[in-house]
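Chain by chain, the residues run as shown.
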Amino acid sequence: MVWKNTVGRENLAPTFHLFPFFFLFFFSLISIFLNPTCAVLITMRCFPFFTAVLASLAPYTTAAPRPASNHAPAALPPTESEIPRLVLYFQTTHDKLGRPISMLPLVTVKHIALTHLIVCSIHMHKDGLIHLNDHLPDHQRFNTLWAETNIMRQSGVKVMGMIGGAAAGSFTKDTLDSPNDLTFEHYYRQLATIIRNYQLQGLDIDVEQRMSQNGINRLILRLRHEFGEDFIITLAPVASALTSSYGGLSGFNYQLLEKEYGPLIDFYNTQFYNGFGSMHSTSHFDRTVAAGWDPAKIVIGQLTDRGIWEHIALNKTIVQLREKLGVIGGIMGWEYFNASPGGTEAPWEWARIMTEILRPGLVPEMKITRDAAIKLMKAWVESAWPGAAVLCGGVAGVVDEACASAAWRPTVDYMAMVNA
């Protein structure tokens, strides 16, 4: 892992940082009532100021963490540079024109300290082959995805896969939750093949349908046995599932799972959103810790397409949690392609703001050779071809040349990234 510590800050509390923010906040509220059009213009022109204010609050979160309270350390301790973690899911792989979306700004744009990237979503169904979203994992549309994950991994970002999510099928009695070991093994082997073929360093298990306690236990044990102690195993429960016995969307008991198999699980990408939890205050996280959870294993999940006000509220809550607990597991974002405030044009801005909140001064060092850049360009064109062929097919299969020229023009300048 190649992380460089470039900043050292102390925990200061200069409240004067907040005065211009509150002034602009109340001024904007007055403007909304007097002239809504004017309010929109003020917001657009002052957006850089909001970002600067948020960054100015970051020193409150960067003090050397105090020792955690009476919580036992995880049996698989993370590296010192990993906590607090910054985790991002990467599910949408192409834009509306069918062009591949590059993840490399997450390691080329300055002041971003991502620790884990989770490629998703892996699905399986009875009598079917395992898929990544709607296609087989080796489909050419994913050539850019897999080529870029190699660069991310070489830059020190841990690249994982995620199985499950909202689409049902992966954890039924006909697949990975089958009471029949042979059936389980049939579908598990497909999963293990993806992990090996694409050198995934871990697996996030997002169970959003009912699964048995024995089923989740077996899957975790199987993964740990086959891939060893360096393989990262995480789960993605809704926040309320950690403080109740019914398991939320998953069906099984997370508290029992942690009690019996906690040493085999690295951390939990916990969904503190969509009514299952909130970070507008510390109350939901406090409740989780009070239920016996180690705060270092709880990564706070947030939706990335929310506005600047959500980022400011999150920053305040993170400050309070670190003051009380000394350490938290980190922040997770769902998902990359349209993350706020940059949206589809600059989704990496979310990771930059989260870095300011959580882990300023730790940046990955990326190395790209000329040969690697040429391979990335080739992969981009191959990945864009399926979408462009559909979009630009024209009449009777005749390709619209103007459309194809736009669709196949790389949106990423890989040669400009060459630095080795």
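Sequence positions are assigned chain by chain, starting from 1 and proceeding in written order. Per-residue local features are limited, in this predicted model, to residues with pLDDT of at least 70; the limit for side-chain atom pairs, both in listing and counting, is 80 or more; totals at the level of whole chains, interfaces and linings are taken over all residues. Note that water and hydrogens are dropped before the side-chain values are worked out from all heavy atoms of the structure.

The protein is annotated in an unreviewed UniProt entry as Glycoside hydrolase superfamily of Cercophora samala.

**Notes on helix α4 (residues 143-154)**
Two residues of an α-helix separated by three or four positions point the same way, owing to the 3.6 residues in each turn. Definition in use: Labels follow the DSSP assignment, with helices taken as runs of H or I lasting at least four residues and strands as runs of E lasting at least two, numbered in each case from the N terminus. One less than the number of residues in a helix, times 1.5 Å, gives the span that helix is expected to have. Only protein chains enter the accessibility calculation, which uses a 1.4 Å probe; a residue whose area is less than 20% of its type maximum is buried, one above 50% is exposed, and one in between is partly exposed.
An ideal rise of 1.5 Å per residue puts 16 Å on twelve residues; α4 measures up with 17 Å between its terminal C-alpha atoms. Within α4 the residues assigned to the buried category are T144, L145, W146, A147, E148, T149, I151, M152 and R153.

**Describing the packing of helix α6 (residues 213-227) against helix α7 (residues 254-261)**
Definition in use: Every angle, taken between N-to-C directions, lies between 0 and 180 degrees, and every axis is a line fitted to C-alpha atoms, over only the stretch in contact when it is a helix. The scheme is simple: roughly parallel for angles under 35 degrees, roughly antiparallel for over 145, roughly perpendicular for 65 to 115, oblique for anything else. A clockwise turn of the near helix away from the far one marks a right-handed crossing, whereas an anticlockwise turn of less than a right angle marks a left-handed crossing. Here, two residues are considered to be in contact whenever any of their heavy atoms come within 4.5 Å of each other. Residue polarity follows a fixed list, in which Ala, Val, Leu, Ile, Met, Phe, Trp, Tyr, Cys and Pro are nonpolar, Asp, Glu, Lys and Arg are charged, and the others, Gly among them, are polar.
Following both chains from N to C, one finds α6 and α7 inclined at 40°, their axes separated by 11 Å at the closest point. One element, α6, and the other, α7, form an angle in the oblique class. α7 is crossed by α6, and the crossing has right-handed handedness. Between α6 and α7, the contacting residues are Q213, I216, N217, I220 and L221 on the first element and L256, L257, E260 and Y261 on the second. Grouping the constituent residues of the contact of α6 with α7 by class yields six nonpolar, two polar and one charged.

**Describing the pairing of strand β2 (residues 85-90)**
The line we're drawing: A pair of strands is considered paired only if DSSP assigns at least 2 bridges between the two.
The element β2 is largely enclosed, with a buried count of six among its six residues. The side-chain alternation of β2 yields two buried faces, one formed by R85, V87 and Y89 and the other by L86, L88 and F90. With four bridges joining them, β2 and strand β3 (residues 116-123) adopt parallel strand pairing. Looking across to β3, one finds that F90 is bridged to V119.

**Some points on the pattern of salt bridges**
When the charged atoms of two side chains lie near each other, side chains of opposite charge can form a pair. Our working rule: Salt bridge, as used here: a side-chain nitrogen of Lys or Arg that lies within 4 Å of a carboxyl oxygen of Asp or Glu.
A full pass over the atoms with the stated rule returns 16 salt bridges. Here R85 makes a salt bridge to E82, at a shortest N to O gap of 2.9 Å. With a relative accessible area of 2%, R85 lands in the buried category. A relative accessible area of 5% places E82 in the buried class. As a salt-bridge pair, E226 and R222 come within 3.3 Å of each other at their nearest N and O atoms. Remark: R222 and E226 occur in helix α6; sequence separation between them is four residues, near one turn of the helix. Taking relative accessible area as the criterion, E226 reaches 19% and is therefore assigned buried. Residue classification places R222 among the partly exposed residues on the basis of a relative accessible area of 22%.

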